Amino acid sequence: MKAAQAQAAIAAGTTRQQLTDAAAVAALFNIITRYANALDFAIPTDAEFEKAAAMMLKRGYA
Amino acid sequence: MRLPEIERGDSLRSRALIRIISMALGARLPDAARVAFYHKDFVGPVLGAWTQDAMRGPSEWSVAERELMAAMVAKWNSCPFCVGAHRAIAVRGMDNAVADACLTDYHTAPISEALRATLAVLETMTLHLTN
């Protein structure tokens, strides 16, 4: 299933490096989403999400 | 479970940082950032560096595309905090309507075929990785 999907992605124009990069994002967020739910993160308002988004674009994650 | 030590900061330095950044932000500092400050010798800086590399490092995917992938994984894992946070970053580099269409149903959203096929791989990785 997964190999066939990866081959379909490559047939659709995705490069191998792009698949690797996307898998890194998904692996990471499979961890982070579990942290967020386990720790019951408070849900910000839309306005707060927008302010935080501007900060995350400017300052990054490190 | 939200620990008071995460909520307010576990050291004088973390408490001061949380206050100062919240003021600069004009909003309560989100819990994701509070967790990153917690016990810095444990996970925060390591996870932060990995996240920075994956989300902002050199890639043929744009920052907005990677943020949308993060929001999609969050959707599949029923994580409203991460959907909201990463959708909000994604739409600074792509149309609101495209991001929302993708979050509703990526099979029919107006995105590239490469991104659509990649999302199918990520969905399997997230929900159906049994072998």
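Below, the structure is looked at part by part.

Parameters at a glance
- Residues numbered from 1 in each chain as written.
- Chains lettered and ligands numbered in written order.
- Predicted model: local features only at pLDDT ≥ 70, side-chain atom pairs only at ≥ 80, totals over all residues.
- Heavy atoms only, no water.
- Salt bridge = Lys/Arg side-chain N within 4 Å of Asp/Glu carboxyl O.
- Helix = DSSP H or I, 4+ residues; strand = E, 2+ residues; numbered from the N terminus.
- Buried < 20%, exposed > 50% of the residue type's maximum accessible area, 1.4 Å probe, protein only.
- Phe/Tyr/Trp six-rings, centres within 6.5 Å; stacked < 30°, edge-to-face > 60°.
- Contact = heavy atoms within 4.5 Å.
- Polar contact = N/O pair within 3.5 Å; in protein donor to acceptor, adjacent residues only side chain to side chain.
- Nonpolar A, V, L, I, M, F, W, Y, C, P; charged D, E, K, R; others polar.
- Axes fitted to C-alpha atoms, helices over the stretch in contact; angles between N-to-C directions.
- Left-handed = near helix turned anticlockwise from the far one by under 90°.
- Arc of directions from axis to C-beta.

1. Section: the pattern of salt bridges
All names here are of chain B.
Part 1 of the argument: Taken as a whole and judged by the stated rule, the model has 5 salt bridges over all chains.
Part 2 of the argument: Between Arg-28 and Glu-7 there is a salt bridge whose closest N-O contact spans 2.9 Å. Taken as a pair, Arg-28 in the loop between helix H2 (12-25) and helix H3 (31-37) and Glu-7 in helix H1 (residues 4-8) lie far apart in primary sequence, 21 residues in all.
Part 3 of the argument: Judged by relative accessible area, which is 30%, Arg-28 ranks as partly exposed.
Part 4 of the argument: Given the relative accessible area of 29%, Glu-7 is considered partly exposed.
Part 5 of the argument: Three or more residues joined by partner-sharing salt bridges are found here, namely Glu-7, Arg-28 and Asp-31.

2. Observations regarding the packing of aromatic side chains
Part 1 of the argument: Following the criterion strictly, the structure yields 3 aromatic pairs over all chains and no others.
Part 2 of the argument: A centroid spacing of 5.0 Å and a plane angle of 80° characterise the contact between Phe-41 of chain A and Phe-81 of chain B, whose relative ring orientation is edge-to-face. Of this pair, Phe-41 of chain A sits in the loop between helix H2 (16-38) and helix H3 (46-59) while Phe-81 of chain B sits in helix H6 (residues 80-90), placing the two residues on different chains. Here Phe-41 of chain A matches Phe-81 of chain B in class, with each residue buried.
Part 3 of the argument: Grouped by ring-pair contacts, the aromatic residues Phe-41 and Phe-49 of chain A together with Phe-81 of chain B constitute a single cluster.

3. Focus on the environment of Arg-19 of chain B
Part 1 of the argument: Considering the arrangement of structural elements, one finds Arg-19 of chain B in helix H2.
Part 2 of the argument: The spatial distance from the C-alpha of Arg-19 of chain B to the C-alpha of Phe-42 of chain B is 22 Å, given a sequence separation of 23 residues.

4. Focus on the interface of chain A and chain B
Part 1 of the argument: If you look at the interface, chain A gives 50 residues, while chain B gives 56 residues.
Part 2 of the argument: Run the count over chain A and chain B and you get 0 salt bridges.
Part 3 of the argument: Counting across the chain A and chain B interface gives 18 residue pairs in polar contact (both at pLDDT 80 or more).
Part 4 of the argument: Here the side of chain A that touches chain B takes 21 residues from H2 of chain A, the largest share from any one element.
Part 5 of the argument: In the side of chain A that touches chain B, the residues fall into 33 nonpolar, 10 polar and 7 charged.

5. A word on the packing of H2 of chain A against helix H8 (residues 113-127) of chain B
Part 1 of the argument: Across the interface, H2 of chain A lies against H8 of chain B with an axial gap of 10 Å and an inter-helix angle of 35°. Regarding H2 of chain A and H8 of chain B, the two cross each other, and that crossing is right-handed. Judged by residue contacts, Leu-19, Ala-22, Ala-23, Ala-26, Ala-27 and Asn-30 of chain A of H2 of chain A engage Thr-118, Val-121, Leu-122, Met-125 and Thr-126 of chain B from H8 of chain B.
Part 2 of the argument: Across the contact of H2 of chain A with H8 of chain B, the residue classes tally to 8 nonpolar, 3 polar and no charged.

6. Description of helix H7 (residues 96-104) of chain B
Residue and element names in this part refer to chain B.
Part 1 of the argument: Buried within H7 we find Ala-99, Cys-102 and Leu-103. Summarising the axial view, the buried residues of H7 lie within an arc of 95°, below the 170-degree limit, and thus occupy one face.
Part 2 of the argument: Where H7 is buried, its residues touch helix H5 (63-76), H6 and H8.

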